[in-house]
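A structural walkthrough
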Amino acid sequence: MFVIVVGCGKIGYQLSRALLAADHEVVILERDSHRAARAAEELGSVIISSDGTEPTVLTEAGASRCQLLIATTGQDATNLVACQVAKRSFRVPQTIAVVTDPDHVALFKQLGVDVTISTTELILSHIEEEMPGGPLVHLLPIQGAASGIVCVRVPAGSPAIGRSLAVMGLPVGTSLAAVVAKNGEIKSIGPDLLLEQDDEVVAITPPDKETLLWRALTGGA
Amino acid sequence: MADQLKTALVPVTGSPLDEFTVGLACDLVKHHKGTVHVVYVIEVSRQLPLDAEVPFESTRGERILVQMEKVAKSHKCKVEGEILQARSLGPAVVDEAALRNADVVVVGSPYQEHFGAPTIGDVVPYLLKYSPCRVVVYRDAQARMESK
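Analysis parameters
- Residues numbered from 1 in each chain as written.
- Chains lettered and ligands numbered in written order.
- Predicted model: local features only at pLDDT ≥ 70, side-chain atom pairs only at ≥ 80, totals over all residues.
- Helix = DSSP H or I, 4+ residues; strand = E, 2+ residues; numbered from the N terminus.
- Rg over C-alpha atoms; globule rule 2.2 N^0.38 Å.
- Buried ≥ 20, exposed ≤ 12 C-beta atoms within 10 Å, placed from the backbone.
- Contact = placed C-beta atoms within 7 Å.
- Nonpolar A, V, L, I, M, F, W, Y, C, P; charged D, E, K, R; others polar.
- Pairing = 2+ DSSP bridges.
- Axes fitted to C-alpha atoms, helices over the stretch in contact; angles between N-to-C directions.
- Expected span 1.5 Å × (residues − 1).
- Core = buried A, V, L, I, M, F, W, Y, C linked by C-beta atoms within 7 Å.
- pLDDT = per-residue confidence, 0-100.
- Left-handed = near helix turned anticlockwise from the far one by under 90°.
- Right-handed = clockwise from strand over helix to strand, strands pointing away.
- Parallel < 35°, antiparallel > 145°, perpendicular 65-115°, else oblique.

So, the overall build of chain B
A tally of helices and strands in chain B yields five helices and seven strands. Taken from N to C terminus, the helices and strands of chain B fall in the order β-α-β-α-β-α-β-β-β-α-β-α. Relative to the 2.2 N^0.38 estimate, which gives 15 Å for 148 residues, the radius of gyration of chain B is 15 Å and therefore close to what a compact globule would have. Along the three orthogonal principal directions, the C-alpha set of chain B runs to about 45 × 40 × 30 Å. Burial analysis of chain B (148 residues in total) assigns 32% to the buried set.

As structure tokens, this is what we get:
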């Protein structure tokens, strides 16, 4: 696959290395000439030291036959413009943008970026995962839908313990995807399912119902 | 130095310097019945796949290689010619030098000026920095005279 990577910071550099190692054809566009020169020392002549939002630069990079453009700079605005120019001027079939501000994700989607990766949300979900107690962990946003996959561990003392799903009641728009017992056994989902302490509940839920779900499963205030 | 040189690599571009660089490479390797590898690199635009057919450039390259083979034979030297397709000349020559286990790369550098200052372009510095073997840069005296 022919991939154009915009930005050769930590993400762009590591991503490009991985893509090259997997035998993909890669062109990297990096505006900072010093950074581009440093990366070229290791990655070779796949780097063009120019602005990846400029149509002339994208033309030179071969965007017209590119199958995927990934914008990885630390600037949301730059990533958005690079993806838009690629999509509209060069008809690149797939664009992926790294987004640092989670509030920009919806805007990126509205403006036609195919996939957004919010670095802040990813870091938050990893921190949540490691926190003690029964936090709600964001596993995956569902692209194109207003829901995400989350996971909650049922803590000791939760009012959900020993109650069936039918009795407990889940927030509107929420459905359980899986319940994994402490021993790793996957429990079958049904109205008679009884939750136990330390069950991992994986659910699909809209963002505005996450707190309700978390309270229902942990009893937290 | 010359007693260790058996394989020379000469990138040619169709410039008047090619004849001299090939001749020089022959002189360097022929004492040990060495081989001169002459390469013509077609720089393929990124708008095309690397293996795209570029008939005009291929025909030009073939013509230049035939001419260089004649030069090498006139020096009674074994010669092999090849056309390569790459994104840029410098890395292609470095890769080829490594692949052929070349003892020396002989490259021509036409005299050029940029804003009044002498320059040797991008390829020669790249070869000087990254070539796995010796590099001989040939600049013709005539070129300097013409620039005056």
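Thoughts on the overall build of chain A
From N to C terminus, chain A includes eight helices and eleven strands. Taken over C-alpha atoms, the radius of gyration comes to 22 Å for chain A, far larger than the 17 Å a tight globule of 221 residues would show. Out of the 221 residues in chain A, the part that is buried amounts to 32%. Long-range contacts, defined as pairs at least 24 residues apart, comprise 53% of the intrachain contacts of chain A with a sequence gap of at least 6.

Notes on the interface of chain A and chain B
Each partner contributes residues to the interface: chain A has eight residues there, and chain B has five residues. A breakdown of the residues in the side of chain A that touches chain B according to their chemical character gives two nonpolar, four polar and two charged.

Re the sheet that holds strand 11 (residues 200–205) of chain A
Residues and elements named next belong to chain A. Across the sheet, five strands lie side by side as 7-8-11-9-10; this open sheet has antiparallel pairing. Of all strands in the sheet, those with a lone pairing partner are strand 7 (136–141) and strand 10 (186–187), marking the two edges. Bridge count for strand 9 (residues 175–180) against strand 11 is five bridges, and the pairing is antiparallel. Bridged to Ser175 within strand 11 is Ile204. The sheet contacts of helix 8 (residues 210–218) involve strand 7, strand 8 (148–153) and strand 11, and relative to strand 8 the element is tilted by about 25 degrees.

Examining the sheet that holds strand 1 (residues 7–12) of chain B
Residue and element names in this part refer to chain B. In spatial order, the strands read 3-2-1-4-7; together these five strands make up an open sheet with parallel pairing. The sheet is open, and its two borders are formed by strand 3 (78–86) and strand 7 (134–138), each paired with just one other strand. Strand after strand, the sheet turns through a mean of 25 degrees between neighbouring axes, direction not considered. Bridge count for strand 1 against strand 2 (residues 35–43) is six bridges, and the pairing is parallel. Following the sheet pairing, Pro11 is matched in strand 2 by Val39. Contacts between helix 3 (residues 89–99) and the sheet are confined to strand 1, strand 2, strand 3 and strand 4 (104–108), with strand 2 contributing the most and set at about 150 degrees to the helix.

A word on helix 2 (residues 55–74) of chain B
Residues and elements named next belong to chain B. For helix 2, spanning 20 residues, the distance from its first C-alpha to its last is 29 Å, which sits close to the expected 28 Å at 1.5 Å a residue. The elements touched by buried residues of helix 2 are strand 1, helix 1 (17–29), strand 2 and strand 3. In the stretch just after helix 2, Lys76 is the one whose phi turns positive, near 55 degrees.

Describing the nonpolar core
Within the largest apolar cluster, 34 residues are counted, with the highest numbers of intra-cluster contacts made by Ala8, Val36, Val93 and Val105 of chain B. Listing elements by their share of this core, those giving two or more residues are strand 1, helix 1, strand 2, helix 2, helix 3, strand 4 and helix 4 (123–130) of chain B. With residues up to four places along the chain from it excluded, the contact list for Val93 of chain B reads Leu9, Pro11, Val39, Val41, Val105 and Leu127 of chain B. By size, the runner-up hydrophobic cluster in this structure holds 33 residues, among which are Val3, Ile28, Val46 and Ile47 of chain A.

Quick look at the environment of Thr120 of chain A
Residues and elements named next belong to chain A. Among the secondary structure elements, Thr120 is positioned in helix 6 (residues 119–130). Classification of Thr120 as partly exposed rests on a count of 13 C-beta atoms within 10 Å. Taking the C-alpha atoms as reference points, Thr120 and Gly12, separated by 108 residues in sequence, lie 16 Å from one another. Beyond its immediate sequence surroundings of up to four residues, Thr120 is in contact with Thr100, Asp101 and Pro102.

As for the confidence of the model for chain B
Confidence along chain B averages 89 in pLDDT terms, with 93% of residues attaining 70 or more. Among the scores for the predicted complex, ipTM is 0.71 and pTM is 0.71.

Notes on the packing of helix 3 of chain B against helix 4 of chain B
Residues and elements named next belong to chain B. Two elements in contact, helix 3 and helix 4, have axes whose closest approach is 9 Å; the angle formed by their N-to-C orientations is 35 degrees. The hand of the helix 3/helix 4 crossing is right-handed. Counting all contacts with helix 3, which are made through Leu89, Gly90, Val93 and Val94, the residues of helix 4 involved are Val123, Tyr126, Leu127 and Tyr130. The residue inventory of the contact of helix 3 with helix 4, partitioned by class, reads seven nonpolar, one polar and no charged.

What to know about the pairing of strand 2 (residues 25–29) of chain A
Residue and element names in this part refer to chain A. In terms of residue burial, strand 2 counts as a mostly covered element, since four of its five residues are buried. Pairing between strand 1 (residues 2–6) and strand 2: five bridges, direction parallel. When the bridges of strand 2 are listed, Val3 appears paired with Val26. Handedness of the strand 1-helix 1 (residues 10–21)-strand 2 crossover: right-handed. Pairing geometry for strand 2 and strand 3 (residues 47–48), over two bridges, is parallel.

Thoughts on the packing of helix 1 of chain B against helix 2 of chain B
All names here are of chain B. For the pair helix 1 and helix 2, the least separation of the axes is 9 Å and the interaxial angle reads 40 degrees. Relative to helix 2, helix 1 is oriented oblique. For the pair helix 1 and helix 2, the crossing hand works out as right-handed. Listed contacts from helix 2 to Asp18, Glu19, Val22, Gly23 and Cys26 of helix 1 are Ile64, Met68, Val71 and Ala72.

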